[in-house]
Structure formats: structure tokens, C-alpha cells
Amino acid sequence: MDVIVYHNPLCGTSRNTIGIIRNAGIEPHILEYLKTPPTRLLLRQLIERMGLSVRDAMRKKGTPYVELGLDDPALTDDQLLDAMMAHPILIERPIVVTPFGVKLCRPSEAVLDILPVPQLGEFRKEDGELVIDASGRRAATA
């Protein structure tokens, strides 16, 4: 099973997403996009496949988004993509690619919508929140 995660190891949501994938018995291909960002063409394709606008695929918190003036609504998609290529921290994460689709997995349990196999057992997020119960089903609170 080919599952790709565009991952930032400092991001708890990204780590939790990988945990959910592994809880399904899948070892994902992990791409640390800050070290090896996707090409401009691939990033545009991922954004399109997620059904997002370029602006919606941008991370604002903890990035130079405001300092670079990227909150200007007059900026084009090409200008926003240029900024994302120059500053990969602006790419929102985690992005997960499976045979069933491409999804920005915020919250992390959104990955369940595109995983091709069921969960194998209980999974809790790093903060202790129960996402998958002991029988492998989505918890009522998730």
C-alpha cells in the first residue's frame, strides 16, 4: 500500500496522522517537505487534488505569512505558489496521498477518510484524546 505523507516532525498533527496510518498496519513514505519540498508543479497538483485554493493550502500560524504580505487578497495563485516555493514552511501540513485521494489532514483523523484498510486497534493522539476505540472504530468524540 503506497501512502505518502508530507510531514513536519515538529508538528503534532502530522505525527498523530502518521500514527493513525501506522495503526492501520501501513508504513507510510514520509517526506519531510521542509528539507525536500515538492516541486512547484507537484504542489499545484496536490492542492488541486485536495480541492483547495492555493491560499487555503497555506499555513499562516508560525510562518512569515503576514510579514511577507501574503494576506493581500490581490495576490495571484502564482504569487502565492512562489512564496511557498521560497518558504516551504508556508505549506500547510500534513498532506497525505493514498490510492483513495489526497487530503490535508487537519485534524489528523481526517486521514481515516482516505485510508484503504481499517484500523487495527485503539489509537490515542499525543494529548491522550481517543480517536480509535479498542475494536478499531472511530471513537464517538472523534
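Residues numbered from 1 in each chain as written. Predicted model: local features only at pLDDT ≥ 70, side-chain atom pairs only at ≥ 80, totals over all residues. Heavy atoms only, no water.

Caption draft 1: Quick look at the nonpolar core. Membership of the largest hydrophobic core comes to 21 residues, with the highest contact counts inside it found for Ile47, Met58, Leu70, Met84, Leu90 and Ile95. Looking at this core, the elements that each hand over two or more residues are helix H2 (40-50), helix H3 (77-86), strand E3 (95-98) and strand E4 (101-104). Ala24, Val96, Ile114 and Leu115 belong to the second largest nonpolar core, which has 16 residues in total. (Core = buried A, V, L, I, M, F, W, Y, C linked by side-chain atoms within 4.5 Å. Buried < 20%, exposed > 50% of the residue type's maximum accessible area, 1.4 Å probe, protein only. Helix = DSSP H or I, 4+ residues; strand = E, 2+ residues; numbered from the N terminus.)

Caption draft 2: Representation of the sheet that holds strand E1 (residues 4-7) in the model. Pairing is mixed across the open sheet formed by four strands, whose spatial order is E2-E1-E3-E4. Of all the strands in the sheet, just strand E2 (29-32) and E4 have a single pairing partner and so form its edges. Within this sheet the neighbouring strands show an average axis-to-axis angle of 15 degrees, counted without direction. Here E1 runs beside E3; their pairing, made up of three bridges, is antiparallel. Opposite Tyr6, over in E3, you have Ile95 as the bridge partner. Against the sheet, H2 contacts E1, E3 and E4, and its axis sits at roughly 90 degrees relative to E4. (Pairing = 2+ DSSP bridges. Axes fitted to C-alpha atoms, helices over the stretch in contact; angles between N-to-C directions. Contact = heavy atoms within 4.5 Å.)

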